[in-house]
Amino acid sequence: MTAITLNIIVQGILTGLVYGLMALGLSVIFGVMRVVNFAHGEFTVVAMYAAFLLFDMLGVSPLLSLLPIAAAFFFLGYVLQRALVEPFISRAEHEQFILLVGLATVVVNGLLLIFGPDAHPINLPYSFDSYTIGPMFIDKVRVFAALGALAICVALFLFFRYTRTGTAIRACADNLTGAGVVGLNVKQLYAVTFGLGFACIGAAGTLMATIADASPGLAPAYTLLAFVIVIIGGLGSMAGALVGGVLIGISEALAGFYIQPSMKSMFSFALLIIVLVLRPQGLMGRRL
Amino acid sequence: MTDIWQRLPTRGKILCLVLLAAAIAAPLVADRYLLSVLILVFYFAYLGQAWNLLMGFAGQLSLGHALYLGLGAYTATALWTLFGIGPWIGVFVAIPVAAAAGMVVGWLGWRFAIEGVYFALLTIAFAEFTRIGFDHLQITGASAGMFLSVNSPGSDKWWNLGGGPLLYYYLAFILAAAATLLVARLRRSPLGYRWLAVREDPEAARAAGIDIFRAKMIAMLISAGMTAVGGVFYGFYYRNLFPSQVFDIGRSIEIIMAPIIGGLGTVFGPVVGAVLLTPLGESLTALMQHFGVNTPGAKSIFYGLTLMVIITLQPSGVWPWLARKLGLDNRPRP
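None of these values were measured; they are calculated from a predicted model.

1. With respect to the overall build of chain B
Right, on to step 1. Along its length, chain B carries 15 helices and 2 strands.
Right, on to step 2. By the compact-globule yardstick of 20 Å for 334 residues, chain B fits well, its C-alpha radius of gyration being 20 Å.
Right, on to step 3. Over its C-alpha atoms, taken along the principal directions, chain B stretches across nearly 60 × 50 × 40 Å.
Right, on to step 4. For chain B, the proportion of its 334 residues judged to be buried stands at 53%.
Right, on to step 5. Long-range pairs, those at least 24 residues apart, make up 77% of the contacts in chain B with a sequence separation of at least 6.
Right, on to step 6. With the model as given, the accessible surface of chain B reaches about 14,900 Å², and the carbon-plus-sulfur share is 68%.
Right, on to step 7. The average position of the 22 basic charges and that of the 14 acidic charges among the side chains of chain B differ by 9 Å.

This is the structure we're talking about:
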């Protein structure tokens, strides 16, 4: 009983770290630009398909394609921000929302058009292997995915903390006028931020493809999942995204096992409602 | 009523009368298909008015109006299929049920000062929560859905909202027209001005002595209640209900498209938006069928692109621009 519960919690934490990386992208973009990326899950699924295609056609393992896909998504994000989102930065929230919902609709239906509604799994040679630690069985792919997610989160954290560009982006987030006054190229930094958020999406999607089957139907669910996680963790807080991801991972795993898999996100939304009411800035967010 | 009419410029009066006459006479010339498109136009115009009240006037972004639509639809259809209580009584149960849900969302949100994006996400959370709940609610058929029988006694009678397209056409028309009148009236009422004040500057509104929490709650009450009536129409028009469709976030987004495209916070915006968007989607389907393209998603791609283009080029909506072009706005031209 307890061993099973422990096993489920550990699996939940591992999945949660990948969720956390995905949500981190949303959090970084919102924290700096105050834009909510409503097409988040849609692009995560695009990354899943990219990983699937590279594996299926060229035999590249997702762990190898992780960095190239993340880099490609960085440029995708950079270009999208420059071409599409930039004029909307100072516009009303609902206008940004419509723009990104339009984009999400195009992306998800584009996927549907190209790949059809069926799920595309990545069957790695070690897909069904697991590590045995005491009474627990931990999926090998899940461990790899979680470690990959954690590594990228740490890299991103170090980037924001110690590099000049990272510091400059934090300056934009803290005080936009001040950042402009001291001569920072805010437009450029915003595009880099959007790119970094998309790199998170690219990496998270690649890792996700190893533990879930890519299908267009996942996209809206992932967008909502990312929202739930960042609100619980605190929109704009990097550590919060990871904490929220792990919490949701655990809650989904437990609810999926003990209650019903189809009801697992009901508990995530209940958690979200509770957090919004008791602590609207999120667990790790700054006071609103 | 009369003061709204008098406020219209002369050509606006003529245009209004012509359009009303055309809408009433439309079934004489329209075939069944065209009629079904017009029903959707009025249906979306009606729901757009309901949502616009909350977002356009009181400035509160709700992305979870599917909650009230679904609650209204499920309440009335469940009363009918389970207890044989007709929709004309059912609607008066559906309204309070949805309005109560709106109260809960509004109270939780605004009491705890949840604003903007956070409030929008709270509304999504409640709608999704309810969707999954209904997916597992056995009495309403869970995820397998609920169906309105067509041959149970009395189900073909107009007072039980059963019948041909004409019935639904005029019902949807009356709903849309009544909602537009109501919104036009509210817009000019003290309450309407309070909403605008809350939307433009909540702090200043509070300083001016407006109870902003109360103003927002009233907007939510009316908006959720109106949306529930739309839900009752939805349930009896489509005659089947699935939680994954009625409570879906896609449904919420569908509701808000017409007012945003038509013009937020304007009386005629939701109507203009519905008139533009619905036939656009339908003609796309027809066009694709004509060219033998049968790919799911192609229509939605065009829909998404249209949204992006309109919001980029005409962010305040089509109606303010159109009104200026037609000389229907009351503002003096430069």
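What follows picks up the thread again.
2. Re the state of the cysteines
Residues and elements named next belong to chain A.
Right, on to step 1. Counted by the stated rule, this structure contains 0 disulfides over all chains.
Right, on to step 2. Residue Cys172 stays outside any disulfide, its sulfur separated by 18 Å from that of Cys200, the closest cysteine.
Right, on to step 3. For Cys172, a relative accessible area of 2% puts it in the buried group.

3. Some remarks on the interface of chain B and chain A
One frequent convention defines the size of an interface as the accessible area lost when the parts assemble.
Right, on to step 1. The partner chain A presents 38 residues to the 38 residues of chain B that form the contact.
Right, on to step 2. For the pairing of chain B and chain A, the buried interface totals around 3,500 Å² over both sides, and the portion due to carbon and sulfur atoms is 84%.
Right, on to step 3. Joining chain B to chain A, the criterion identifies 0 salt bridges.
Right, on to step 4. Linking chain B with chain A are 4 residue pairs in polar contact (both at pLDDT 80 or more).
Right, on to step 5. Secondary structure elements with two or more residues in the side of chain B that touches chain A: helix H6 (116-135), helix H12 (249-262) and helix H14 (298-313) of chain B.

4. Focus: the nonpolar core
Right, on to step 1. Grouped together as the largest cluster of nonpolar side chains are 212 residues, with contacts concentrated most on Leu21, Met33 and Phe43 of chain A together with Leu67 and Trp195 of chain B.
Right, on to step 2. Sort the elements by how many residues they give to this core and helix H3 (residues 32-57) of chain B lands first, with 17 residues.

5. Topic: the pattern of salt bridges
Residues and elements named next belong to chain B.
Right, on to step 1. Under the definition given, this model contains 7 salt bridges over all chains.
Right, on to step 2. With its nearest N and O atoms 2.9 Å apart, the salt bridge here joins Glu200 to Arg199.
Right, on to step 3. According to the relative accessible area criterion, Glu200 is exposed, its value standing at 56%.
Right, on to step 4. Note that Arg206 and Glu203 form a salt bridge whose closest N and O atoms lie 3.9 Å from each other. Here the residue Arg206 and the residue Glu203 both occupy positions in helix H9 (residues 202-207), the gap between them amounting to 3 residues, near one helical turn.
Right, on to step 5. Among the residues examined, Glu203 registers a relative accessible area of 53% and is labelled exposed.
Right, on to step 6. In this structure, a network of salt bridges that share partners links the residues Glu128, Arg131 and Asp135.

6. Notes on empty space enclosed by the protein
All names here are of chain A.
Right, on to step 1. In the structure shown here, the tally under the stated rule is 3 cavities of 30 Å³ or more.
Right, on to step 2. Here the largest cavity is characterised by a volume of approximately 70 Å³.
Right, on to step 3. Ranked by residues supplied to the lining of the largest cavity, first place goes to helix H4 (residues 93-115) with 3 residues.
Right, on to step 4. Grouping the constituent residues of the lining of the largest cavity by class yields 6 nonpolar, 1 polar and 2 charged.

7. Details of the pairing of strand S2 (residues 136-139) of chain A
Right, on to step 1. The alternating pattern of S2 of chain A places Met136 and Ile138 of chain A on a buried face and Phe137 and Asp139 of chain A on a face that is not buried.
Right, on to step 2. Between strand S1 (residues 130-133) of chain A and the antiparallel strand that follows it, S2 of chain A, lie 2 residues; Gly134 of chain A among them carries a positive phi value of about 55°.

Criteria and cut-off values
- Residues numbered from 1 in each chain as written.
- Chains lettered and ligands numbered in written order.
- Predicted model: local features only at pLDDT ≥ 70, side-chain atom pairs only at ≥ 80, totals over all residues.
- Heavy atoms only, no water.
- Helix = DSSP H or I, 4+ residues; strand = E, 2+ residues; numbered from the N terminus.
- Rg over C-alpha atoms; globule rule 2.2 N^0.38 Å.
- Buried < 20%, exposed > 50% of the residue type's maximum accessible area, 1.4 Å probe, protein only.
- Contact = heavy atoms within 4.5 Å.
- Areas by Shrake-Rupley, 256 points an atom, 1.4 Å probe, with all protein chains shown as cover.
- Lys, Arg positive; Asp, Glu negative; His and termini not counted.
- Charge placed at Lys NZ, Arg CZ, Asp CG, Glu CD.
- Disulfide = S-S within 2.5 Å.
- Buried area = accessible area lost by both parts, 1.4 Å probe.
- Salt bridge = Lys/Arg side-chain N within 4 Å of Asp/Glu carboxyl O.
- Polar contact = N/O pair within 3.5 Å; in protein donor to acceptor, adjacent residues only side chain to side chain.
- Core = buried A, V, L, I, M, F, W, Y, C linked by side-chain atoms within 4.5 Å.
- 1 Å grid on protein atoms, 1.4 Å probe; cavity = no way out; pocket = protein on both sides within 12 Å on 5 of 7 lines; lining within 4 Å.
- Points joined across faces, edges and corners; volume = space filled by probe spheres on them.
- Nonpolar A, V, L, I, M, F, W, Y, C, P; charged D, E, K, R; others polar.
- Pairing = 2+ DSSP bridges.

Purely geometric numbers; function is a separate question.
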